Amino acid sequence: QVRAKKRLEILMPVVLLIIFVMLYFTTNDFTEAFVVMLSVPFALIGGVYLTYLLGYNFSVAVWVGFIALYGVAVQTGVVMVVYLHEALDRKIHAFEEGKRGPIVLRDIYDATVEGAVLRLRPKVMTVSTAMIGLIPIMWSAGTGADVMKPLAAPMIGGLITSTIHVLVVTPILFSYMKEHALRKAKLKKSQMAEWVKEG
């Protein structure tokens, strides 16, 4: 147990660094990668609170649950950002083709709302499906329950708070970033969306 905890103290920062590097290669933008990474601390809040309320110690099983939670939180954050970019890129593409006037602040607001609304149902369904799978573990009493319960607890709590972050905070940060880019005359189509289309 002690050796495993020492390894995890090294592995956790490495996992977060790997996630950030992969996000950077996906977005080709440090700021966008950082915005997606913000889903990790939000997920951490819910995971820590539920683990504390249930009285679990920070064992190896709990840390493994957090690592799994980080992956899910970042994945949903990436998908939200992709939806937001797609909505805005359509407007930018129409402007470049001469089918509409230049992009204004209102276009950024509309694209943000459109992308966030499109992501609402898939996000709720993803979280609901995960909850349906995880919550029964919390009532289990058979062999292995003492390991599975501490593993499931941070995932359940983290999924709730990361959902709030992805559906509310991420679109706000996206809108702010794009408004800033528009004022600096640096607004352009996302490399992230191009990467998704190629994939």
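Residues numbered from 1 in each chain as written. Predicted model: local features only at pLDDT ≥ 70, side-chain atom pairs only at ≥ 80, totals over all residues. Heavy atoms only, no water.

A look at the nonpolar core
Buried together is how nonpolar side chains tend to be arranged in soluble globular proteins.
Okay, so step 1: Leu23, Val74 and Leu134 are the most contacted members of the largest nonpolar core, which has 27 residues in total.
Okay, so step 2: Within the residue set of this core, elements represented by two or more residues are helix 1 (2-27), helix 2 (30-37), helix 3 (39-53), helix 4 (60-96), helix 5 (105-138) and helix 6 (145-183).
Okay, so step 3: Broken down by element, the residue count for this core peaks at nine residues, all from helix 4.
Okay, so step 4: Not counting the four nearest positions on each side in its chain, Val74 is found in contact with Ile19, Leu23, Val36, Met37, Ser39 and Val40. (Core = buried A, V, L, I, M, F, W, Y, C linked by side-chain atoms within 4.5 Å. Buried < 20%, exposed > 50% of the residue type's maximum accessible area, 1.4 Å probe, protein only. Helix = DSSP H or I, 4+ residues; strand = E, 2+ residues; numbered from the N terminus. Contact = heavy atoms within 4.5 Å.)

Some points on helix 5
Okay, so step 1: Taking 1.5 Å per residue, 34 residues should reach 50 Å; helix 5 reaches 47 Å between its end C-alpha atoms and fits that length.
Okay, so step 2: For helix 5, the principal kink sits at Leu120 and spans about 35 degrees; a proline, Pro122, occurs within the next four residues. (Expected span 1.5 Å × (residues − 1). Bend = angle between axes of the 7 residues up to and from the residue.)

Thoughts on the pattern of salt bridges
Okay, so step 1: Per the stated rule, a full pass over the model turns up six salt bridges.
Okay, so step 2: The salt bridge partner of Glu97 is Lys99, with a shortest N-O separation of 3.6 Å.
Okay, so step 3: On the basis of relative accessibility, which here comes to 46%, the residue Glu97 falls in the partly exposed class.
Okay, so step 4: Take Lys99: its relative accessible area is 65%, and that puts it in the exposed class. (Salt bridge = Lys/Arg side-chain N within 4 Å of Asp/Glu carboxyl O.)

Regarding the packing of aromatic side chains
Okay, so step 1: Per the stated rule, a full pass over the model turns up five aromatic pairs.
Okay, so step 2: Note on Tyr24 and Phe25: the rings are 6.0 Å apart at their centroids and 50 degrees apart in plane angle, and the pair reads as tilted.
Okay, so step 3: Using a relative accessible area of 27% as the deciding quantity, one classes Tyr24 as partly exposed.
Okay, so step 4: Ring geometry for Phe66 versus Tyr70: centroids 6.3 Å apart, planes at 35 degrees, classification tilted. Of this pair, Phe66 and Tyr70 both sit in helix 4, separated by four residues, roughly a single helical turn.
Okay, so step 5: Among the residues examined, Phe66 registers a relative accessible area of 0% and is labelled buried.
Okay, so step 6: Among the aromatic residues, those joined into a cluster by ring pairs are Phe20, Tyr24, Phe25 and Phe30. (Phe/Tyr/Trp six-rings, centres within 6.5 Å; stacked < 30°, edge-to-face > 60°.)

Quick notes on the environment of Leu50
Okay, so step 1: Structurally, Leu50 can be placed in helix 3.
Okay, so step 2: Counting along the chain gives 108 residues from Leu50 to Gly158, while the straight-line C-alpha distance between them is 8.3 Å.
Okay, so step 3: Sequence-distant contacts of Leu50, that is, excluding residues within four places in its chain, are made with Ala153, Ile156 and Gly157.

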